[in-house]
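# Summary of structural features
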Amino acid sequence: MTAAPSRAPSPEGSSAADARSAPAGVAYDRSDWSSAFRNVGVELSAVPLVAARGTIPSELAGTLYRNGPGRLERGGHWVHHPFDGDGMITALRFEAGSLQLSNRFVRTEGWLAEEAADKVLYRGVFGTQKPGGPIANAFDLRLKNIANTQVVRLGDQLLALWEASSPHALDPDTLETKGITLLDGVLKPDEAFSAHPRLDPGHHGEPRLVTFGVKAGPTSTVRLMEFATTGDQAGQLLADDSYSFKGFAFLHDFAITPNWAVFLQNAVAFNPLGFVLGQKGAAQCLSSKPGQQGQFWLVPRASGAFTGQKPRLIKAPEGFVFHHLNAFEDASGEVVVDSIFYADFPSIGPDVNFRTIDFDSLPEGQLKRCRIDLTTASVSLELLEPRCCEFAMVNPAHQGLAARYGWMAVAEREHGNDPLQAIEKFDLLSGERRVWSASPRGFVNEPVMVPYPQASADGAAPAAGQAEDLGWVLLLVWNGARCASDLVILDAATMAEQAVVELPLALPYGLHGTWSPA
Ligand code: CO
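Presented here is a report on the structure given in the accompanying data block. On a predicted model such as this, the values are computed, not experimentally measured, just so you know.

Helices and strands together make up the secondary structure of the chain, namely 4 helices and 35 strands. Its C-alpha radius of gyration of 22 Å places the chain within 12% of the 24 Å reference for a compact globule of 518 residues. Taken along its principal axes, the extent of the C-alpha atoms in the chain is 55 × 55 × 50 Å. For the chain, buried positions account for 57% of its 518 residues. In the chain, the proportion of contacts linking residues at least 24 apart, taken out of those at least 6 apart, comes to 61%. In the structure as shown, the chain presents an accessible area of about 20000 Å², 52% of it carried by carbon and sulfur atoms.

Written out as structure tokens, the structure is:
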């Protein structure tokens, strides 16, 4: 984040179409970016904080939960990829203009064992090896559930999620780890449970948490689950269906509409030999299949118009997708899916140090729109935003519906691949953008859009007629000047800065988070 006194937003107001002119050039210091890779050395409990600049909006009432890797090194042995770091939860609790900060590592079995031994005892999915080379790692096929990807409230539990295994239940107030949860018998031990649940704001009555688990293999099985989130039923399983598909499924995220759960099966192959022999992490054994197309899997949702029917399989455009912005059904019945596409599967090879990664050698993410015509089983593709982006979301009340705005993390430069330094509000109708930037010394995490709480009783949907962009964007920024993290609160409509809170924490780049209304 800039040390300069002026921190005015830079609403650009230009359309995506004429954004191609005048590339700004790279304007960040690599050591500022890489200084975020460190261990979190402290756990705080309800520490009161005040804004260093601006004012915390008094209407913000609830908790921002964030998850991400908090431990990247042990005994001088570093992770091969930050995604292998142990999950650590940050909670920022807002009430009447005041703010409290807590953070806790998730007490996973692996974290507890490694704390006790003070050395690395497990391999990581993204290529972290135990000390001792391939001989020490070969045939150790245990997965360390690091609980580091997402954190979400379900009923009276807070769940720390990692997609290859069971959720960990935490106390929503103290962040104390209660342990692995199988959700009252819904899950089998070690069953995969996605880190990307979607909150249905009430397409079929009450709001629901819709999520999935994947059992991958030559034939892969996707289990689609819907949970109640409100009232006495909160946390209860309402719908549960499993579907099998040919091929190895790599599904990190999905999208929902009122009638469909939308999966994009990337064209990837999995050859586990390097993992078995101790040379690679499991995720490093994924490779793209050049020239081959992925596939959309449209699975009918329970309570939807197509329930009971078979999933629809439709060829997808080339490219690789981790994350979707949103999906919806338009008036003609087409299913529209907005996703962040990469030209190829971005992977860090076994011989590469993540700190010295050459951004120019990796494909950037770009927001693209697929329109799926179910009658012809065809897809049309449109580039919405060429600027390098990741971590996009719509107003949660518009999840699964046509939304006008998306908020996402973007690179400062209009073209090319760079670290994420700015937040963009993107008008999906007009292409207009507004950008708030933390450059040259700040680096952003995922933005979380929080609607203004003039809401219905359950807090899920804003009042009828409320503007879609009325609310705030909350985000954590790595401040390279301070070598610490800042909370930044933006006006979601104008992208003007409302407040900056300098946290007494240094948090490595995180993954995902959610807002839990009071
Ligand atoms: Co993700």
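Before going further, it helps to examine the sheet that holds strand S3 (residues 62-71). Here we have 5 strands laid out as an open sheet, ordered S1-S7-S6-S3-S35, and antiparallel in their pairing. At either end of the open sheet lies a strand with only one pairing partner, and these are strand S1 (47-49) and strand S35 (513-517). Geometrically, the sheet is characterised by an average inter-axis angle of 25° between neighbouring strands, direction not taken into account. Where S3 meets S35, 5 bridges bridge the pair, whose relative direction is antiparallel. What sits directly across from Leu-64, in S35, is Trp-515.

What tends to happen in soluble globular proteins is that the nonpolar side chains get buried as a cluster. Core analysis: the biggest nonpolar cluster contains 47 residues, and Phe-94, Trp-436, Leu-487 and Leu-503 have the highest contact counts within it. Among the elements that line this core, the one with the most residues is strand S32 (residues 471-479), at 6 residues. Apart from the residues within four sequence positions on either side, Leu-487 is in contact with Leu-64, Leu-92, Phe-94, Leu-99, Leu-475, Leu-476, Ala-499, Val-500, Val-501 and Leu-503. Of all hydrophobic cores here, the second largest spans 21 residues; its members include Leu-325, Ile-340, Leu-384 and Val-410.

Attention shifts here to the coordination of the cobalt ion. At the metal site, the cobalt ion is ligated by His-196 (NE2), His-252 (NE2), His-323 (NE2) and His-512 (NE2), and these contacts range over 2.0 to 2.1 Å. The coordination sphere of the cobalt ion comprises 4 donor atoms, whose angles at the metal cover 92 to 157°; the geometry is irregular. Each donor residue of the cobalt ion lies on the same chain, and together they follow the pattern H-x55-H-x70-H-x188-H. Note that His-252 is positioned in the loop between strand S15 (237-246) and strand S16 (255-256) and His-512 in the loop between strand S34 (497-502) and S35, a separation of 260 residues in sequence. By the burial criterion, His-252 is buried, and His-512 matches it.

Time to look at the pattern of salt bridges. Between side chains of opposite charge, pairing is possible as soon as their charged atoms come close. Enumeration over the complete set of coordinates arrives at 28 salt bridges. Note that Asp-140 and Arg-142 form a salt bridge whose closest N and O atoms lie 2.9 Å from each other. When its relative accessible area of 40% is taken as the criterion, Arg-142 is described as partly exposed. Note that Arg-387 and Glu-424 form a salt bridge whose closest N and O atoms lie 3.8 Å from each other. Pair noted here: Arg-387 is in the loop between strand S25 (378-385) and strand S26 (389-393) and Glu-424 is in strand S28 (residues 420-427), with a separation of 37 residues, a long-range link. Taking the relative accessible area as the measure of exposure, Arg-387 reaches 1% and is therefore buried. Connected through salt bridges with shared partners, the residues Arg-71, Arg-74, Asp-86, Glu-114, Glu-115 and Lys-144 form a single ionic network.

Here we come to the pairing of strand S27 (residues 405-411). In terms of residue burial, S27 counts as a mostly covered element, since 7 of its 7 residues are buried. Across the two faces of S27 the burial is the same, with Tyr-405, Trp-407, Ala-409 and Ala-411 and Gly-406, Met-408 and Val-410 all buried. Bridge analysis of S26 against S27 gives 4 bridges, and the strand direction is antiparallel. Looking at S27, one finds that Ala-392 is bridged to Met-408. Where S27 meets S28, 7 bridges bridge the pair, whose relative direction is antiparallel. Looking at the pairing, Ala-411 lines up with Leu-420 of S28.

Scoring rules and cut-offs
- Residues numbered from 1 in each chain as written.
- Predicted model: local features only at pLDDT ≥ 70, side-chain atom pairs only at ≥ 80, totals over all residues.
- Heavy atoms only, no water.
- Helix = DSSP H or I, 4+ residues; strand = E, 2+ residues; numbered from the N terminus.
- Rg over C-alpha atoms; globule rule 2.2 N^0.38 Å.
- Buried < 20%, exposed > 50% of the residue type's maximum accessible area, 1.4 Å probe, protein only.
- Contact = heavy atoms within 4.5 Å.
- Areas by Shrake-Rupley, 256 points an atom, 1.4 Å probe, with all protein chains shown as cover.
- Pairing = 2+ DSSP bridges.
- Axes fitted to C-alpha atoms, helices over the stretch in contact; angles between N-to-C directions.
- Core = buried A, V, L, I, M, F, W, Y, C linked by side-chain atoms within 4.5 Å.
- Donors = N, O, S within 2.8 Å, 3.2 Å for Na, K, Ca; no water.
- Tetrahedral: all angles 85-135°; square planar, octahedral: opposite > 155°, others 65-115°.
- Salt bridge = Lys/Arg side-chain N within 4 Å of Asp/Glu carboxyl O.

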